[in-house]
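Coordinate analysis (summary)
One-letter residues, chain by chain:
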Amino acid sequence: THIQYERVGADVTMKCGSMDWDAAVTWTVNGTDIDESHLNGSYLILKNVDLMQNGHYSCYEGSSWHLKYQTYLRVGTPPKEPVLMCRSNNYPKGFYCSWHLPTPTYIPNSFNISVIHGTKEMVCEKDAVPKNRCHIRYLQLFSTVKYKVTLTVTNALGKNFTTLTFDEFAIVKPDPPESVVAKPVPNNPRRLEVSWQNPSSWPDPESFPLKFFLRYRPLILDQWQHVELSDGTSHTITDAYAGKEYIIQVAAKDNDIGTWSDWSVAVHATPWTEEPKHLTTEAQITETTSASTSSFMAPPTTKICDKGAIVGSGAVAVCWTAGLVMAAYSVLFI
Amino acid sequence: GDSWGIFTFLCAALCNLPALPALNCSEELGAGQSIQQTYDLTRYLEHQLRSLAGTYLNYLGPPFNEPDFNPPRLARTERVPSATVDLDLWRGLTDNARLAANYRAYSRLLCYLRVLDGQVGTAELRHRLAHFCASLQGLVLSIGGVMSSLGYPLPAGPPAPPGAPLASNDFLKKMDDFWLLKELQTWLWRSAKDFNRLKKKVPPAVVTLRLEAREF
């Protein structure tokens, strides 16, 4: 079936196929008759069209009701200059480019991307998901020649394009660190132990190490504190305000080139605080009785689990104090 | 009883490990420190070059100082050693080859830079170039030091520096200068990665631990 694309705001004249101008015809849109006031002879006139005029238009000969012409009208706009972004989050493997249109065109668009490196044209392999994305593998490393990426958008009403030119090093930006965990440190009311992992998309942290930027603040304050770490994937905060809940984030960057990643998922943690007194006395009584008997008695469960420890990527409370206590008991019985 | 005693003794010994003297590892430690120093030097030079290149390109004038300037590479400029390398080849380089490539590259780049220094107009630019050349000389010596401490022979000296410039006209000469700075910049980026790899591969300091045997 025939599709007719027209610009928003245009005046559209539809002819009833090969019928003469003075023939008697009836026009319908989506099955509904169109009033004669919109006709000029056998031509259908639509003025200043917008999306509301989208539909299936048919033209029938007056008396015989033969279908003489039909079309689908799609109102849209030619593409505006597309937005293109290229980034290497997996250096030195390669880079990807992704794009989108700043405003919708309301009609189908096709995208063509070309990557030129010096005199060579490289193929950017389109990703299945997400759709507007393609990736390229580096054939050479440490190139002095820039990459030139041109994206052309075409639809039935026009075309547009944009170009990006960059050095291999300029587009390196890792993904944020993963599995950020913040835990209180027992018997240390001003400390928080933070650990994280390299982003899984970074292929070779051995040869291309990452450095990290940590920021933290108590929820009640607006100002962040920052720490830059040149190696290691953990850090102990030693100046936390006692008893206050903290929000913590980490970002990553290649040690030498490129830009910082976005901030990681935020993690919350509160430093260790001393337990109220009556629970401690209960535990001490249990300890002295189990030393003289042969049966093993677990300390009260209310003291074991570390409520302050929260894993950022899942809601699992870590009960590692229990393990330590049980290990201590088993050593006593060797 | 006795087994508990051994356990406590071992714990105590292991806890005091950092305090034990390192035996027979001064060479490996030396190379490790030199690699770190060479790495730091490349980062310092890269930082210096950023401001120097900006000034020099402004001296050359447009289009060389335009950020989007992306000229095609003319065959004649290949005499300047290129840092560009096939990814798998780069990964597979032996320590010796990796160091030698750096040594050769900076030796030659230094020669060309010195020629540049002799031709430049302003006194300020001459002074900055001279300072940069001195730092670059330090880098070459540092790389040489690492190679020697690891027992590798130094590559043969660079070819005699070019006399009169080979460029036939003023514009082509400026192009040569542009590419020289580009290659230097790229080499400094590459060296940071080269020395990162070397840092991991140089054997760690070997420490011998002597435990006294107890009679049981």
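Residues numbered from 1 in each chain as written. Chains lettered and ligands numbered in written order. Predicted model: local features only at pLDDT ≥ 70, side-chain atom pairs only at ≥ 80, totals over all residues. Heavy atoms only, no water.

Per an unreviewed UniProt entry, the recorded name for chain B is Cardiotrophin-like cytokine factor 1, and the organism is Sakesphorus luctuosus. Under the heading Function (unreviewed entry), UniProt records this for chain B: "In complex with CRLF1, forms a heterodimeric neurotropic cytokine that plays a crucial role during neuronal development. Also stimulates B-cells. Binds to and activates the ILST/gp130 receptor." (UniProt positions renumbered as here; feature names shortened; annotations may be inferred.)

The name recorded for chain A in an unreviewed UniProt entry is Ciliary neurotrophic factor receptor subunit alpha, from Sakesphorus luctuosus. The UniProt entry for chain A carries this comment under Sequence similarities (unreviewed entry): "Belongs to the type I cytokine receptor family. Type 3 subfamily."

Let us now look at the domain arrangement of chain A. The accessible area lost on association of the parts is a frequent measure of interface size. Residues and elements named next belong to chain A. Looking at the assigned domains, one finds that chain A contains domain 1 (2–76), domain 2 (83–166) and domain 3 (178–269). One C-alpha centre belongs to domain 2, the other to domain 3, and the line joining them spans 33 Å. Each partner contributes residues to the interface: domain 2 has 6 residues there, and domain 3 has 5 residues. Of the roughly 540 Å² buried at the junction of domain 2 and domain 3 (both faces included), carbon and sulfur atoms supply 73%. Summed over the shared surface of domain 2 and domain 3, the number is 0 salt bridges. Here domain 2 and domain 3 share 0 residue pairs in polar contact (both at pLDDT 80 or more) between them. Among the residues making up the side of domain 2 that touches domain 3, the classes are represented as 3 nonpolar, 2 polar and 1 charged. (Domains from an automatic or database assignment. Contact = heavy atoms within 4.5 Å. Buried area = accessible area lost by both parts, 1.4 Å probe. Salt bridge = Lys/Arg side-chain N within 4 Å of Asp/Glu carboxyl O. Polar contact = N/O pair within 3.5 Å; in protein donor to acceptor, adjacent residues only side chain to side chain. Nonpolar A, V, L, I, M, F, W, Y, C, P; charged D, E, K, R; others polar.)

Our focus in this paragraph is empty space enclosed by the protein. One way to see where empty space is left: roll a probe the size of a water molecule over the atoms. Residue and element names in this part refer to chain A. Under the criterion given, the structure shown has 2 cavities of 30 Å³ or more. The computed volume of the second largest cavity comes to approximately 40 Å³. Taken together, H117, K120, M122, L139, Q140 and Y147 make up the full set of residues lining the second largest cavity. When the residues that make up the lining of the second largest cavity are grouped by side-chain class, the tally is 3 nonpolar, 2 polar and 1 charged. (1 Å grid on protein atoms, 1.4 Å probe; cavity = no way out; pocket = protein on both sides within 12 Å on 5 of 7 lines; lining within 4 Å. Points joined across faces, edges and corners; volume = space filled by probe spheres on them.)

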